[in-house]
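Residue-level structural notes
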Amino acid sequence: MITYRVDVSDLHQHEFQVTLTVPEPQAQQTLSLPVWIPGSYMVREFSRHISRLHAHQGGQAVGLVQKDKTTWIATCTGRQPLVLTYRVYAFDNSVRTAFLDAHRGFFNGSSLLLKAHGYETQPHRLELKTLPKGWEVATAMAAIKVDARGRGWYEAADYDELIDHPVELGQFWRGRFMARGVPHEFVVVGNWPDFDRERLLADSQRICEAQIAFWHGKKKPPFDRYVFLLNAVDEGYGGLEHRNSTALIAARRDLPQLGKAKDLSDGYVTLLGLISHEYFHTWNVKRLRPAEFAVYEHSRENYTELLWFFEGFTSYYDDLFLLRAGLIDVPRYLKLLSKTLSTVLATPGRHVQSVAEASFDAWVKYYRQDENSVNASVSYYTKGALIALAMDLLLRSGKQGSLDDVMRLLWQRSQGGPVSETDIQLAFDEVAGVDVGTALQTWVHGTEDPPWQALLERLGVAWKTETPSLAQRLGLKVSESALTGIKVTQVLQGGVAQASGISAGDELLALDGWRLRRLEDAQRVLNVSPESTLLVCRDQKVFSVLLSVFSHEGETIGGVQLTEAALAPSAVALRRQAWLTP
Ligand code: ZN
């Protein structure tokens, strides 16, 4: 059996020591590390953190030749076990790679564990024994023989499974709950002392139970154990889904606080949304998944046009499940939906790139954003969520069915496995009883907005557009403070700022002779003279431009506010109730 021993020998150098044993190596044994981690669609070239790689057989050094950036070949003699030793630098405090210091360790196998080619489908063992005093192990990988702190041997059925179980090491809080008869574990590291543990467990349990019931009714989910690994930090947000666990990172101030059981801060709602999102992925992307992900190719990009479905639809359901689990009420849910709508409507790039293209290009666009991304691309998360919304409302205002039925039909048809875009379209048509797949295709492959306002109104939700802020009217985004002044971070295509010649990175210094400290100062001048002279600094050079807020009235819109329509006819109110009642 392929075995890995991971030691945390040098905490201050942030290096894991890995010993890999291939019991019966091939004459030319290939070894490689993945270049990306499933769920995060970017080539990250994890091998760049490997050093001191050596190979031995029976105490004798074995020749190692590096074939490319992430692949090595060991020339073996005889059938003696091949032993590789190497170190991996681990100092990325995210959910995607690996981290090690004196307080905590964390790793994904894709960052640490070289793949022994030819043995990928065999069971793989992981030894985690020599840890600093008091440290524990938390992972969803099956324990073979471990002590009370989880130190010992773990096993995965194959290499893919091995790297799909992140591991948390250190001294952390661990809580447990059952959801539909399945044990769930919640591990939190980095929390404030007064963190409300019981509330986090109770709220997570409600989300998990609601989702299991959604997919399986009274039956059990397709996993017999689930683990949440949450790293609470000063600033941070994100999650990565795995087959029966997830690694999360969140701001520690967003965790619930003891004695404040009634507080439902925006931060805590965001954290619950993240928990809901990653848990929903347990079905939608880890099992039901793009046909292109039927078998992961670890050495290069894996392209799919379907992330709008697997990320976008998951994003639609994450907040909806907070409502269904009774954690937020309808006004709060509509507020979250308003935010997503406002974000997408403020993205000129939605008229440039379709969500299918955004999915395919995730590797070089969504994950490599710059100041122009807002003009040239669209998020398959947010717009994908709004396409899910549009499809759900389209079904709910028609004769039959809802998006829930489509998701379950797809699950049933694919037996929780790979699906194509055609499968998705056909499932919609079948549930609706009429052709709705064509509308889906238009919204997924085109760049026109679905008629969100009309669809929401049909479900008894009122749409109000807020008065645009000055930044929205100018078509820019800034970072600002009284100390540093105003720096432009984004210039939206087709806006006033762009027409005036303002670029991302510019400092906005003064308007009609008035020094600007914050953008709102400019409003005081523009109130009187809508055409003003703006003093700008770019690369130490100061110049002036004419700013005219009259010149472009085009697409400038403020945010959207959704509320329950007060005077909805009873048939409409019933549809709304069916949609928005837990
Ligand atoms: Zn996701």
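In what follows, the structure referred to is the one given above.
Report on the accompanying structure. Per chain, residue numbering runs from 1 following the sequence as it is written. Reporting in this predicted model follows two pLDDT cut-offs: at least 70 for local features of residues, and 80 or more for side-chain atom pairs to be given and counted; totals over whole chains, interfaces and linings ignore these cut-offs and use all residues. Water and hydrogen atoms were dropped before computing side-chain values, which therefore reflect all heavy atoms in the structure.

1. Notes on the overall build of the chain
The way it works is that DSSP assigns letters per residue, a run of H or I at least four long becomes a helix, a run of E at least two long becomes a strand, and they are numbered from the N terminus. Within the chain, the secondary structure is distributed over 17 helices and 31 strands. Partly exposed describes any residue whose relative accessible area lies between the buried limit of under 20% and the exposed limit of over 50%, with all areas from a 1.4 Å probe on protein chains only and scaled to the type maximum. Per-residue burial over the chain gives 56% buried out of 582 residues. Taking contacts inside the chain between residues at least 6 apart in sequence as the whole, the part at least 24 apart equals 69%. With an accessible surface of roughly 24800 Å², the chain has 50% of that area assigned to carbon and sulfur atoms. Here the chain contributes 61 positively and 67 negatively charged side chains, and the mean placements of these two sets differ by 4 Å. By definition, residues are in contact when any of their heavy atoms lie within 4.5 Å. In this description, accessible areas are obtained by the Shrake-Rupley approach with a 1.4 Å probe, and a residue is regarded as covered only by the protein chains that are shown. Counting rule applied: Lys, Arg positive; Asp, Glu negative; His and chain ends not counted. In plain terms, the charge of a residue is placed at NZ if it is Lys, CZ if Arg, CG if Asp and CD if Glu.

2. So, the sheet that holds strand β13 (residues 136-138)
Taken in spatial order, the four strands line up as β9-β10-β16-β13 in an open sheet, and their pairing is antiparallel. In this open sheet, the two strands that pair with only one neighbour each are β9 (98-100) and β13. Strand-to-strand twist in this sheet, taken as the mean axis angle between neighbours without regard to direction, amounts to 15°. In this structure, strand β10 (residues 104-107) lies alongside strand β16 (residues 167-170), joined through four bridges in antiparallel fashion. Pairing of Gly105 across the sheet is with Leu169, part of β16. Pairing between strands requires that DSSP locate at least two bridges from one strand to the other. All axes are obtained by fitting lines to C-alpha atoms, using only the stretch in contact for helices, and the reported angles, taken between N-to-C directions, cover 0 to 180 degrees.

3. Points about helix α11 (residues 421-432)
Between the first and last C-alpha of α11 there are 17 Å, a value that for 12 residues agrees with the 16 Å anticipated at 1.5 Å per step. The complete set of buried residues in α11 reads Glu421, Ile424, Gln425, Ala427, Phe428, Val431 and Ala432. Down the axis of α11, the smallest arc covering the buried residues is 160°, so these residues share one side. Residues of α11 that are exposed and point more than 90 degrees away from the buried face comprise Thr422 and Leu426. Packed against the buried residues of α11 are α5 (307-324), α9 (382-396), α10 (403-414), β23 (418-419) and α12 (437-445). The first or second residue beyond α11 is Gly433, which carries a positive phi of 80°. In this analysis, the expected span of each helix is defined as 1.5 Å times one less than the number of residues it contains. Throughout, the arc means that of the directions going from the helix axis to the C-beta atoms.

4. Some details on the side chain of Thr139
Structurally, the position occupied by Thr139 is in the loop between β13 and β14 (142-146). The class for Thr139 is buried, based on a relative accessible area of 3%. Any N or O atom pair separated by 3.5 Å or less is treated as a polar contact, with the protein-specific requirement of one donor-capable and one acceptor-capable atom, and with residues adjacent in sequence counted only for side-chain atom pairs. In terms of polar contacts, Thr139 uses its side chain to reach the backbone amide nitrogen of Met141, at 3.2 Å. Looking at Thr139, its side chain comes within polar contact range of the main-chain oxygen of Pro166, at 3.1 Å. Those residues in contact with Thr139, other than ones at most four positions away along the chain, are Tyr154, His165, Pro166, Val167, Arg225 and Val227.

5. Regarding the packing of α9 against α10
Close contact between α9 and α10 brings their axes to 8 Å; oriented N to C, the two are set at 110°. One element, α9, and the other, α10, form an angle in the roughly perpendicular class. On α10, the residues that touch Ala388, Asp392, Leu395 and Arg396 of α9 are Leu403, Asp404 and Val406. Gly is placed with the polar residues, together with every amino acid not listed as nonpolar (Ala, Val, Leu, Ile, Met, Phe, Trp, Tyr, Cys and Pro) or charged (Asp, Glu, Lys and Arg). In terms of residue class, the contact of α9 with α10 is built from four nonpolar, no polar and three charged. Note that the term roughly parallel is reserved for angles under 35 degrees, roughly antiparallel for angles over 145, roughly perpendicular for angles of 65 to 115, and oblique for everything else.

6. Concerning the packing of aromatic side chains
Two aromatic rings, drawn from Phe, Tyr or Trp (for Trp, its six-membered ring), form a pair once their centres lie within 6.5 Å of each other, and the interplanar angle then sorts them: stacked below 30 degrees, edge-to-face above 60, tilted otherwise. What the rule picks out here adds up to 41 aromatic pairs. An angle of 90° between the planes, with centres 5.1 Å apart, marks the rings of Phe214 and Trp215 as edge-to-face. Owing to a relative accessible area of 5%, Phe214 belongs among the buried residues under this scheme. Take Trp215: its relative accessible area is 5%, and that puts it in the buried class. Arranged with centres 5.0 Å apart and planes meeting at 20°, the rings of Phe280 and Tyr317 form a pair that is stacked. Linking Phe280 in helix α4 (residues 266-281) with Tyr317 in helix α5, this pair joins segments that are 37 residues apart in sequence. Cation placement over rings: the criterion is NZ of Lys or CZ of Arg within 6 Å of the ring centroid and within 35° of the ring normal. Directly above the aromatic system of Trp192 lies the positively charged group of Arg252, at a separation of 5.8 Å from the ring centroid. Here the basic side chain of Arg324 rests over the ring of Phe321, its NZ or CZ set 5.3 Å away from the ring centre.

7. Things to note about α10
The terminal C-alpha atoms of α10 lie 16 Å apart, and with 12 residues this matches the ideal 16 Å at 1.5 Å per residue to within 8%. Listed in full, the buried residues belonging to α10 are Leu403, Asp404, Val406, Met407, Leu409, Leu410, Trp411 and Ser414. For α10, the elements touching its buried residues are α3 (197-216), α4, α5, α9, β23 and α11. Trailing α10 by a residue or two, Gln415 shows a phi angle of about 50°, which is positive.

8. A word on the coordination of the zinc ion
Counted as coordinating are nitrogen, oxygen and sulfur atoms within 2.8 Å of the metal, or 3.2 Å for Na, K and Ca, while water is not included, which may make sites look incomplete. The protein atoms that coordinate the zinc ion are His277 (NE2), His281 (NE2) and Glu311 (OE), at distances of 2.0 to 2.1 Å. All donors of the zinc ion come from a single chain, and their spacing in sequence reads H-x3-H-x29-E. Residue His277 and its partner His281 are located together in helix α4, separated by four residues, close to a single helical turn. With a relative accessible area of 8%, His277 lands in the buried category.

Taken by themselves, the reported measurements are silent on function.
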